[in-house]
Amino acid sequence: MNLEFTSEEQAFRDEVRTFIAENHPKELGDFGMREDMTREEMVAWHKVLGAKGWSVPAWPVEYGGTGWTPTQRYIWSEENARANTFMPLPFGVSMVGPVIYTFGSEEQKARHLPGIRSGEVWWCQGYSEPGAGSDLASLKTTAVRDGDHYVINGQKTWTTLAQHADWGFFLCRTDPTAKAQEGISFILVDMKTPGVEVKPIKLLDGGYEVNETWLTDVRVPVENLVGVENKGWTYAKFLLAHERSGIAGVARSKRGVEKLREIAANETLDGAPLIKDFDFARKVSQLEIDLAALEITELRTLAGEQAGKGPGPESSILKIKGTEIQQRLTELTLEAVGTYSAPYYGSIANDTGSNEYAVGPAHAQHAAATYFNMRKTSIYGGSNEIQRNIITKMILGL
Ligand SMILES: Cc1cc2nc3c(=O)[nH]c(=O)nc-3n(C[C@H](O)[C@H](O)[C@H](O)COP(=O)(O)OP(=O)(O)OC[C@H]3O[C@@H](n4cnc5c(N)ncnc54)[C@H](O)[C@@H]3O)c2cc1C
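Quick summary incoming for the structure in this document. (Residues numbered from 1 in each chain as written. Predicted model: local features only at pLDDT ≥ 70, side-chain atom pairs only at ≥ 80, totals over all residues. Heavy atoms only, no water.)

On to the overall build of the chain. Counting its secondary structure elements, the chain contains 11 helices and 10 strands. Against the 2.2 N^0.38 benchmark of 21 Å for 398 residues, the chain shows a C-alpha radius of gyration of 22 Å, consistent with a compact globule. Summarising its shape, the C-alpha atoms of the chain cover approximately 75 × 50 × 50 Å along the three principal directions. A burial count over the chain gives 46% of its 398 residues as buried. Long-range pairs, those at least 24 residues apart, make up 73% of the contacts in the chain with a sequence separation of at least 6. Carbon and sulfur atoms form 54% of the exposed surface of the chain, whose accessible area is close to 19,300 Å². (Helix = DSSP H or I, 4+ residues; strand = E, 2+ residues; numbered from the N terminus. Rg over C-alpha atoms; globule rule 2.2 N^0.38 Å. Buried < 20%, exposed > 50% of the residue type's maximum accessible area, 1.4 Å probe, protein only. Contact = heavy atoms within 4.5 Å. Areas by Shrake-Rupley, 256 points an atom, 1.4 Å probe, with all protein chains shown as cover.)

And the structure:
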């Protein structure tokens, strides 16, 4: 495995860096994610990339992909992390988009792929239910055929950002008599259809990121079935493999460590910069070492992809280590800002409606919210315990 970029790859990196510097909307700043972002802010960069033809790099070229090599895609994500851009959300780009171009009808491709590429249409994922998370195949939402419609009834939960969604992709049971995995279908639902109700779930960080989605006698045209009825589990699993790739967030964590070092250089302990404290510095260094090891593992996976090997069960290793590092980063940031983060527990930092004076330095204001928010990373995309089960079975062969 050659870790040096070729001169072409370096030229590509320069092109990407210049493009981001010149085109990333200035009003977004370099915050990356903020808990109080509006829909318009969240799609602003997506729209710029859509116009440029760079919003769906991993898609086949015939559907609007860029044809970049895995290394170019790696450079792309590194450069975006460097500039802390808010990347296109995964629900359209890396979840339902690939399912539609792989298994969907020509009508579905023509109708849905352009809106995903441009960032005009917002998608949400209706998989999980109150009684079906890790054990997804036990889902109970039903879709019953009635003439040229399905009638959907049930409850989904944890539907991320469904309050903004135009469309959702839902797993529904179409054959209650079949074995768990065999009677499920993958159905596209216009979120404006009567009977779809989205109710907020408030999270520890005070933000509004996830929802309960209730479906009551929702009539959906049969054309919205993707692929073959009762074969939805195949498409659902295909989608989950896409969901997991990129979840390691190495480039973002590298940028996070830089930021942590800056914070720790400004915070003091016993009159000296915190970063000079032996114990704290050791924890930051250990994090950097683990991150470097993860980066090499990711590059090895990329080299495999370049050689034609798809991401296999090793994506579970990337997911576990990547999310543990993301969480440790937020823990150390919280430790670094100490009590200054306390006024922001359970509330969104920089609440624009507030006329209170901010307490502590600017970098303290997001520390608690981010710490709480990032607890999610070891749960979503298949919990880390489930990833360990996959490693045990698929890699260790136990
Ligand atoms: C912030 C956030 C956003 C999400 N967004 C979406 C979304 O947009 N759409 C969507 O459909 N879903 C979404 N999810 C749901 C997510 O996929 C599930 O939370 C996840 O699959 C875990 O399911 P669960 O919450 O029901 O936990 P459970 O499956 O009930 O698990 C509870 C605990 O038991 C452990 N466990 C369960 N089974 C096993 C086992 N066999 N071996 C070992 N340990 C086990 C789990 O690891 C976990 O610690 C989101 C979740 C979060 C937290």
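Here the narrative resumes, following the displayed structure.
This brings us to the site of the ligand. Taken together, 17 residues are adjacent to the ligand, and Ser 134, Trp 158, Thr 160, Ser 383 and Glu 385 come closest. Glu 385 places a polar side-chain atom, nitrogen or oxygen, 2.6 Å from an oxygen atom of the ligand. Coverage of the ligand by the protein amounts to 66% of the 970 Å² it exposes when considered alone. At 3 residues, the largest contribution of residues to the shell around the ligand is made by helix H11 (residues 384-395). For the shell around the ligand, a count of residues per class yields 7 nonpolar, 8 polar and 2 charged. (Near = heavy atom within 4 Å. Polar contact = N/O pair within 3.5 Å; in protein donor to acceptor, adjacent residues only side chain to side chain. Nonpolar A, V, L, I, M, F, W, Y, C, P; charged D, E, K, R; others polar.)

Next up on the list: helix H4 (residues 90-103). Compared with an ideal rise of 1.5 Å per residue, which puts 14 residues at 20 Å, H4 spans 18 Å between its outermost C-alpha atoms and is within 8% of the ideal. Most pronounced at Val 96, the bend in H4 amounts to some 40 degrees, and the proline Pro 98 follows within four residues. The buried fraction of H4 amounts to 10 of the 14 residues, a majority that puts the element mostly inside the structure. Considered for burial, the residues of H4 that qualify are Phe 91, Gly 92, Val 93, Met 95, Val 96, Gly 97, Pro 98, Val 99, Ile 100 and Tyr 101. (Expected span 1.5 Å × (residues − 1). Bend = angle between axes of the 7 residues up to and from the residue.)

Turning to its location among the elements, Asn 224 is positioned in the loop between strand E7 (210-221) and strand E8 (225-226). Discounting chain neighbours no more than four positions away, the residues touching Asn 224 are Gln 108, Trp 167, Phe 186, Ile 187 and Leu 188.

A cluster of nonpolar side chains, Ile 317, Met 394, Ile 395, Leu 396 and Leu 398, forms an exposed patch at the surface whose accessible area comes to about 510 Å². Within the secondary structure, Leu 396 is located in the segment after H11. (Patch = residues over 30% accessible without salt bridge, like charges linked within 9 Å, V, L, I, M, F, W, Y side chains within 5 Å. Salt bridge = Lys/Arg side-chain N within 4 Å of Asp/Glu carboxyl O.)

Where helix H9 (residues 314-337) contacts H11, the axes come no closer than 9 Å and their chain directions differ by 145 degrees. Handedness of the H9/H11 crossing: left-handed. Across the interface between the two elements, Glu 314, Ser 316, Ile 317, Lys 319, Ile 320, Thr 323 and Glu 324 from H9 touch Asn 384, Gln 387, Arg 388, Ile 390, Ile 391 and Ile 395 from H11. The class makeup of the residues in the contact of H9 with H11 is 5 nonpolar, 4 polar and 4 charged. (Axes fitted to C-alpha atoms, helices over the stretch in contact; angles between N-to-C directions. Left-handed = near helix turned anticlockwise from the far one by under 90°.)

For the coordinates displayed, the defined rule picks out 15 aromatic pairs. When the centroid spacing of 5.1 Å and the interplanar angle of 70 degrees are considered together, the rings of Phe 12 and Trp 68 count as edge-to-face. Of this pair, Phe 12 sits in helix H1 (residues 7-23) while Trp 68 sits in the loop between helix H2 (39-52) and helix H3 (70-82), placing them 56 residues apart in sequence. With respect to burial, Phe 12 and Trp 68 carry one shared label: buried. One aromatic cluster is present, built from ring pairs that chain together Phe 12, Phe 19, Trp 45, Trp 54, Trp 68 and Trp 76. Sitting over the face of the ring of Tyr 150, Arg 145 holds its NZ or CZ atom 5.9 Å from the ring centroid. Over the ring of Tyr 371 we find Arg 375, and its NZ or CZ is 4.1 Å from the ring centre. (Phe/Tyr/Trp six-rings, centres within 6.5 Å; stacked < 30°, edge-to-face > 60°. Lys NZ or Arg CZ within 6 Å of the ring centre and 35° of its normal.)

The N-to-C vectors of helix H7 (residues 250-266) and helix H8 (residues 278-306) enclose an angle of 165 degrees; their axes lie 10 Å apart at closest approach. The orientation of H7 with respect to H8, classified from their angle, is roughly antiparallel. Crossing hand, H7 versus H8: left-handed. Facing Val 250, Ser 253, Lys 254, Val 257, Leu 260, Arg 261 and Ala 264 of H7, the residues of H8 in contact are Phe 280, Val 284, Ser 285, Leu 287, Glu 288, Leu 291, Leu 294, Glu 295 and Glu 298. When its residues are assigned to classes, the contact of H7 with H8 shows 9 nonpolar, 2 polar and 5 charged. (Parallel < 35°, antiparallel > 145°, perpendicular 65-115°, else oblique.)

Glancing now at the nonpolar core. One finds Val 96, Trp 123, Tyr 127, Phe 169, Leu 171, Phe 186 and Leu 188 to be the most contacted residues of the largest nonpolar core, which totals 30 residues. The set of elements that each furnish at least two residues to this core consists of H4, helix H5 (106-118), strand E4 (167-173), strand E5 (184-190) and helix H6 (232-244). The element that contributes the greatest number of residues to this core is H4, accounting for 7 residues. (Core = buried A, V, L, I, M, F, W, Y, C linked by side-chain atoms within 4.5 Å.)

Tracing the sequence through the fold places Gly 304 in helix H8. For Gly 304, a relative accessible area of 12% translates into the label buried. Put simply, Gly 304 and Pro 70 are 234 residues apart on the chain and 9.5 Å apart in space, counted from C-alpha to C-alpha.

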